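# Remarks on the overall topology
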Amino acid sequence: MEDLTQVYNDLIMEHSMNSYNKKKLSSSDYSQMGHNPNCGDEITLEVKLNGDIIEDMAFSGHGCAISQASTSVMIDTLKGKTIKEAKEIIKIFIEMIKRETTDEEELKKLEDAIAFQNVSNMPARVKCALLAWHTMEDILNKNETEGKGNINCCN
Amino acid sequence: MEMQDFKKDFPILQNRKITYLDSGATTQKPIQVISKIDEYYEKYNANPHRGAYSLSIEATEAYENTRTKIAKFINARSREEIIFSKNATESLNLLAYSYGLEKLKKDDEIVISIMEHHSNLVPWQKVCNKTASKLNYMYINDQFELSDEEIESKITDKTKIVGITHVSNVLGTINKINKIIKYAHKKGAIVIVDASQSIPHMKIDVQELDADFLVFSGHKMLAPLGIGVLYGKREILNKMSPFIMGGDMIEYVHEQETTFAPLPNKFEAGTQNVEGVIGLGAAIDYIENIGYDKIKQIEDEVVGYAIDELKKLDYLDLYLTPNKENHSSVISFNIKGVHPHDVASILDSEGVCVRSGNHCAQPLMRFLGIDSTCRASFYFYNTKEDVDNLISALNKAYNMFKKYINL
């Protein structure tokens, strides 16, 4: 069996239980819910853009330690990045969890989010780790096709 | 008490180093069931009801003899009252489509309990939407039970169908189905009993209960996946239209119209799951060979021990009636402040298999004010040692989380 202390490491535990990213933004361009109906994980991701830059992000919701920590760490990783950089990081994260890449140079771009690498050994928990990332991917795709603020805007 | 080692009959419990506590989801299968299925494919596999050759007749006999065996097992009046389905879910859908949609009218009412599995809930929502009838719920009290007052206030003269699980798949509560059936009949409603979580553990007598319909899945009682049963009173089944159309459920087929076969074939369209039926027959033999008294004796001992040990862990929330006589072999719990999926993952790393999630009972979870639980469910092959493994794995999970828990 997998040594779970590698999955439930300090970084993941701290982020899941006491995340400073779990709050409301005073204003946001996007607010979107992501959920895994089978496990009941639910998060709402808020994103504020400034031109091409992801200026601020926050989340609310509930779920398992992995889904909550993954959301919080994703926010730390993507905040301040350009949309293009964010999309690349999201792609690498998803590939890491799905065991489609182990390229160390690529994985370095994930910064702290590399802490989730061992989740790739727990097929039952892959969905938990990917929830926020898929939600963010969705927001950025919508931003590209429909333009900022056209959907789910709720200031 | 002398403990018999039933684990030796279950190859998977020999082959894998696991503590299997998810029998409420599906039980493991004894070698006696597995070998009956092998024997079927090795010696007499053919399409039943079709061939005039002896092989097909043998398959037909095995299939139909099992129907008779099940009728005796639950004390049905006749073998025609036993319909094979895919599982309890399909049996319930058959009832929703062939009874609910056809019989219910505007302002009629269906009553179910808040502890129903989605399979005894979602189909009735559809019936209510289509017929403009109303879906009402019987709620549980603070002991996780349905009170007499609740039953009597929700089942009214407008009630046409009462759907009730015999044993809750989340709480393990044994519902007073005798009382519910009597009261519903007084009010002119028919009663559908979901026996999926009860029939593996306790004797069911449909005549004594006077249930109008009763459903269960084979795979929760040692049989293979994909075989289920619908019991129905013959006079009601006879008046119902078929659910699934196709081969073997017909009498005469013309270009524009068809007459249907009598019971039970009317409800069994297409080639049936003969291996499943034969496996279910072998499972019933196995259960009868041990006997429900013995099963209850073992489970009382092991589940009682589990409850006592779990109650000692003050970091746990337990969702459990305090009345032992009203509780079966399912125990739901949470480590306070820790999500059940995380607990289940850590238990899994110790080889302990429990279910985590909403257990296909989202309305119950919402009623309890939680998202999900961990659930340990027991069968007669579980032992006190399995309970000890669960407790030690829970302690490990708690120790991993305790310094981060933010209550």
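On a predicted model such as this, the values are computed, not experimentally measured, just so you know.

Cut-offs applied
Residues numbered from 1 in each chain as written. Chains lettered and ligands numbered in written order. Predicted model: local features only at pLDDT ≥ 70, side-chain atom pairs only at ≥ 80, totals over all residues. Helix = DSSP H or I, 4+ residues; strand = E, 2+ residues; numbered from the N terminus. Buried ≥ 20, exposed ≤ 12 C-beta atoms within 10 Å, placed from the backbone. Contact = placed C-beta atoms within 7 Å. Pairing = 2+ DSSP bridges. Axes fitted to C-alpha atoms, helices over the stretch in contact; angles between N-to-C directions. Nonpolar A, V, L, I, M, F, W, Y, C, P; charged D, E, K, R; others polar. Domains from an automatic or database assignment. Parallel < 35°, antiparallel > 145°, perpendicular 65-115°, else oblique. Left-handed = near helix turned anticlockwise from the far one by under 90°.

Next up on the list: the overall build of chain A. Assigned secondary structure in chain A consists of 5 helices and 3 strands. The order of α-helices and β-strands along chain A, N terminus first, is α-β-β-β-α-α-α-α. By principal-axis analysis of the C-alpha atoms, chain A measures approximately 45 × 30 × 25 Å. Of all 155 residues assigned to chain A, the portion counted as buried reaches 37%. If you take every contact in chain A between residues at least 6 apart in sequence, the share linking residues at least 24 apart comes to 62%.

All names here are of chain B. Here Leu263 and Pro264 are connected by a cis peptide whose omega angle stands at -5°. Following the sequence through the fold, Pro264 ends up in the loop between strand 10 (258-260) and helix 10 (274-290). One non-glycine residue, Leu222, lies in positive phi territory at about 80°. With respect to the helices, strands and loops of the structure, Leu222 is situated in the loop between strand 7 (213-217) and strand 8 (228-232). Here Cys360, not a glycine, exhibits a phi torsion of approximately 55°, which is positive. Looking at the element boundaries, Cys360 is found in the loop between strand 14 (355-357) and helix 13 (362-368).

All names here are of chain B. Taken in spatial order, the 7 strands of this open sheet run 2-8-7-6-5-3-4, and their pairing is mixed. Unpaired on one side and paired on the other, strand 2 (82-85) and strand 4 (134-138) mark the two borders of the sheet. Sheet twist, expressed as the average angle between the axes of neighbouring strands with direction ignored, equals 20°. Bridge count between strand 3 (residues 109-113) and strand 4: 5 bridges; the pairing is parallel. From the neighbouring strand, Val111 faces strand 4, where its bridge partner is Asn136.

Before going further, it helps to examine the interface of chain B and chain A. The figure often quoted for interface size is the accessible area lost as the parts come together. At the interface, 14 residues of chain B touch 18 residues of chain A. Broken down by element, the residue count for the side of chain B that touches chain A peaks at 5 residues, all from helix 12 (residues 340-349) of chain B. Per-class residue counts for the side of chain B that touches chain A are 4 nonpolar, 8 polar and 2 charged.

The next thing to look at is the domain arrangement of chain B. All names here are of chain B. Taken as a whole, chain B is organised into domain 1 (6-21 + 291-401) and domain 2 (33-288). Distance between the C-alpha centres of domain 1 and domain 2: 28 Å. Contacts between domain 1 and domain 2 engage 26 residues on the former and 24 residues on the latter. Mapped onto the side of domain 1 that touches domain 2, the elements with two or more residues apiece are helix 11 (292-311), strand 12 (330-335), helix 13 and strand 15 (373-377). A total of 4 residues in the side of domain 1 that touches domain 2 trace back to one element, the largest contributor, which is helix 11. For the side of domain 1 that touches domain 2, the per-class residue count stands at 13 nonpolar, 10 polar and 3 charged.

All names here are of chain A. With 9 bridges connecting them, strand 2 (residues 41-50) and strand 3 (residues 53-62) associate as antiparallel partners. Within strand 3, the residue paired with Glu42 across the bridge is His62. The hairpin turn running from strand 2 into strand 3, its antiparallel successor, is 2 residues long, and Gly51 in that turn takes a positive phi close to 65°.

This brings us to the packing of helix 4 (residues 88-103) of chain B against helix 5 (residues 122-131) of chain B. Residue and element names in this part refer to chain B. Between helix 4 and helix 5, the shortest axis-to-axis distance is 9 Å and the interhelical angle comes to 20°. Taken together, helix 4 and helix 5 sit at an angle that is classed as roughly parallel. With respect to the hand of their crossing, helix 4 and helix 5 are arranged in right-handed fashion. Across the interface between the two elements, Leu92, Asn93, Ala96, Gly100 and Leu101 from helix 4 touch Pro123, Trp124, Lys126, Val127, Lys130 and Thr131 from helix 5. Residue classes in the contact of helix 4 with helix 5 are distributed as 6 nonpolar, 3 polar and 2 charged.

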